[in-house]
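Structural description and commentary
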Amino acid sequence: VRIFALLGDEKMAANEAFEQWKMTHEQMLGAYRGRDFKKANNYFIKITKIPAIETLDPKLYPEVLFHLGTNYATMRKNKESNDYLNKILAISGIETADEKLVFQVYYKIGLNHYNNKKFVDANTYFEKLINMANAQTIDPKFYATTHYLVGLNSSQLKDYKKSTQFLNKFIELNKDETIAN
């Protein structure tokens, strides 16, 4: 879990949207530290509705959306989770600006579909991640696990040829690791 302090220069501090964001952010952190995750989530939502928030800090705004998406997934509210995660993908230039975040978004959306037994949709996002990345651009275990999930989903879909292909790739990527059931 990544929790950020909200920082800005004097010009940003004078901005009304920043002041609203700062106050709401402090309330969110208080709720989070008090382990009231539902309340913290509500503060995250409030942050996304502050006028001009997207332009105030273009790097932090996608992170706020990601945390909302992740929080909703934790609460098993996969539709709401995907709504916020897809807002990240809709940000112009995000795929080149923050490739690692996009990998995580594809993975989370894929998991949400998997948890809803929407295996075709899950594979769509897992394969987008695989096609965008390789074992050198993202964490190798993350990359290997994505191959495993495509293999697992393909088996659920009775596409055993594809399942075997991706599971074999998973084993190849983990050749130096112990694989437990």
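A short tour of the structure in this document, coming up. (Residues numbered from 1 in each chain as written. Predicted model: local features only at pLDDT ≥ 70, side-chain atom pairs only at ≥ 80, totals over all residues. Heavy atoms only, no water.)

Looking only at helices and strands, one finds 11 helices and zero strands in the chain. For the chain, the succession of helices and strands along the chain, N to C, is α-α-α-α-α-α-α-α-α-α-α. With 181 residues in all, the chain has 39% of them scored as buried. In the chain, the share of contacts with a sequence separation of at least 24, taken over all contacts with a separation of at least 6, comes to 50%. Summing over all exposed atoms, the chain offers an accessible surface of approximately 10900 Å²; the carbon and sulfur share of this is 51%. (Helix = DSSP H or I, 4+ residues; strand = E, 2+ residues; numbered from the N terminus. Buried < 20%, exposed > 50% of the residue type's maximum accessible area, 1.4 Å probe, protein only. Contact = heavy atoms within 4.5 Å. Areas by Shrake-Rupley, 256 points an atom, 1.4 Å probe, with all protein chains shown as cover.)

In this section: the packing of aromatic side chains. Considering all chains together, one arrives at seven aromatic pairs under this definition. With centroids separated by 5.8 Å and ring planes inclined at 5°, the aromatic side chains of Tyr72 and Tyr84 adopt a geometry described as stacked. With Tyr72 in helix α5 (residues 60-74) and Tyr84 in helix α6 (residues 78-89), the pair connects residues that are 12 residues apart, well separated along the chain. Both residues of the pair, Tyr72 and Tyr84, count as buried. Joined through ring pairs, the aromatic side chains of Tyr107, Phe126 and Phe142 make up one cluster. The residue whose ring lies beneath Lys128 is Tyr125, and the NZ or CZ to ring-centre distance is 4.8 Å. (Phe/Tyr/Trp six-rings, centres within 6.5 Å; stacked < 30°, edge-to-face > 60°. Lys NZ or Arg CZ within 6 Å of the ring centre and 35° of its normal.)

Attention shifts here to the layout of surface pockets. Computed from the structure, the second largest pocket encloses a volume of approximately 170 Å³. Lining the second largest pocket we find 10 residues, and of these Pro140, Lys141, Leu173, Asn174 and Glu177 sit closest to its centre. Looking at the lining of the second largest pocket element by element, the count peaks at three residues for helix α10 (residues 140-156). Across the lining of the second largest pocket, the residue classes break down as four nonpolar, one polar and five charged. (1 Å grid on protein atoms, 1.4 Å probe; cavity = no way out; pocket = protein on both sides within 12 Å on 5 of 7 lines; lining within 4 Å. Points joined across faces, edges and corners; volume = space filled by probe spheres on them. Nonpolar A, V, L, I, M, F, W, Y, C, P; charged D, E, K, R; others polar.)

Moving on, we come to the environment of Lys38. Within the secondary structure, Lys38 sits in helix α3 (residues 37-48). Sequence separation of Lys38 and Met28 is 10 residues, and the distance between their C-alpha atoms is 10.0 Å.

With the rule as written, the count across this model stands at three salt bridges. Between Asp83 and Lys79 there is a salt bridge, with the nearest N and O atoms lying 3.0 Å from each other. Within this pair, Asp83 and its partner Lys79 are both found in helix α6, separated by four residues, close to a single helical turn. Take Lys79: its relative accessible area is 59%, and that puts it in the exposed class. The residue Glu172 makes a salt bridge to Lys169 at a minimum N-O spacing of 3.5 Å. (Salt bridge = Lys/Arg side-chain N within 4 Å of Asp/Glu carboxyl O.)

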